[in-house]
Amino acid sequence: MDPKLKAELTSREKWKRLLLIVVYALMVQIAEIALAITIVVQFVTTLFTGTPNAWLRDFGSRVGAWVRQAIEYATWASDAKPWPFGNPWPRAPKVPMRRPEDLV
């Protein structure tokens with residue numbers, strides 16, 4: 001066997017990354033459920049109060065940012081490990097809520 005190929009196949013770092021990718025993939029599935037619940041609660045809150053809940057909006061943004069980080073790590077677009085094995089939990093971006101009339 002080619003020594004370079006053997007070194008690549010037995011690289012501990014690559015196998016550790018595979019394990020982390022599997023863990024992150026499972027965590028992304030949990031995040032999808034959390035986002036679905038957040039969407040439903042946000043809709044009901046907005047339905048009854050007329051305005052979105054800021055905490056839920058920020059939570060959704062933070063989970064979305066984390067999912068992006070996890071996908072970038074899993075696809076080798078980034079070597080930065082997302083929370084909980086690397087970077088801290090993402091902060092919510094300071095973006096004002098956009099309304100349809102603001103987009104025209």
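Refer to the structure printed above.
Residues numbered from 1 in each chain as written. Predicted model: local features only at pLDDT ≥ 70, side-chain atom pairs only at ≥ 80, totals over all residues. Heavy atoms only, no water.

1. As for helix α2 (residues 12–49)
The first and last C-alpha atoms of α2 sit 53 Å apart over 38 residues, in line with the 56 Å expected at 1.5 Å per residue. All of the buried residues along α2 are Arg17, Leu20, Ile21, Tyr24, Met27, Val28, Ala31, Thr38 and Gln42. Of the surrounding secondary structure, the elements contacted by the buried residues of α2 are α3 (54–74). Once α2 finishes, Gly50 follows within two positions and takes phi at roughly 90 degrees, a positive value. (Helix = DSSP H or I, 4+ residues; strand = E, 2+ residues; numbered from the N terminus. Expected span 1.5 Å × (residues − 1). Buried < 20%, exposed > 50% of the residue type's maximum accessible area, 1.4 Å probe, protein only. Contact = heavy atoms within 4.5 Å.)

2. Some words on the environment of Val63
On the secondary structure map, Val63 appears in helix α3. Residue Val63 is classed as buried on the basis of its relative accessible area of 3%. Between the C-alpha atom of Val63 and that of Leu35, which follows or precedes it by 28 residues, the distance is 7.5 Å. Not counting residues within four places of it along the chain, the set of residues in contact with Val63 comprises Ala31, Leu35 and Trp89.

3. Topic: the packing of α2 against α3
Direction vectors running N to C along α2 and α3 enclose 160 degrees, while the axes themselves pass 9 Å from each other. On the basis of the axis angle, α2 is roughly antiparallel to α3. At the point where α2 passes α3, the crossing takes the left-handed sense. Residues Arg17, Leu20, Ile21, Tyr24, Met27, Val28, Ala31, Leu35, Thr38, Val41, Gln42 and Thr45 of α2 form the contact with α3, whose participating residues are Leu56, Arg57, Phe59, Gly60, Val63, Trp66, Val67, Ala70, Tyr73 and Ala74. Tallied by class, the residues present in the contact of α2 with α3 amount to 16 nonpolar, 4 polar and 2 charged. (Axes fitted to C-alpha atoms, helices over the stretch in contact; angles between N-to-C directions. Parallel < 35°, antiparallel > 145°, perpendicular 65-115°, else oblique. Left-handed = near helix turned anticlockwise from the far one by under 90°. Nonpolar A, V, L, I, M, F, W, Y, C, P; charged D, E, K, R; others polar.)

4. Considering the packing of aromatic side chains
Under the definition given, this model contains 6 aromatic pairs. Measuring from centroid to centroid gives 5.7 Å for Tyr24 and Tyr73, while their planes differ by 70 degrees, and the two rings are edge-to-face. Here Tyr73 lies in helix α3 and Tyr24 lies in helix α2, a separation of 49 residues in the sequence. The pair formed by Tyr24 and Tyr73 is uniform in burial state, with each residue classed as buried. (Phe/Tyr/Trp six-rings, centres within 6.5 Å; stacked < 30°, edge-to-face > 60°.)

5. Things to note about the pattern of salt bridges
For the structure on display, the rule yields 4 salt bridges. Between Glu8 and Lys14 there is a salt bridge, with its nearest N and O atoms 1.9 Å apart. A salt bridge links Arg68 to Glu72, with the shortest nitrogen-to-oxygen separation between them at 3.0 Å. One end of the pair is Arg68 and the other is Glu72, both in helix α3 and 4 residues apart, which spans about a single turn. According to the relative accessible area criterion, Arg68 is exposed, its value standing at 57%. (Salt bridge = Lys/Arg side-chain N within 4 Å of Asp/Glu carboxyl O.)

6. Details of the nonpolar core
Ranked by size, the top nonpolar core spans 11 residues in total: Leu20, Ile21, Tyr24, Met27, Val28, Ala31, Val63, Trp66, Val67, Ala70 and Tyr73. Elements with a minimum of two residues in this core: α2 and α3. Looking at this core element by element, the count peaks at 6 residues for α2. (Core = buried A, V, L, I, M, F, W, Y, C linked by side-chain atoms within 4.5 Å.)

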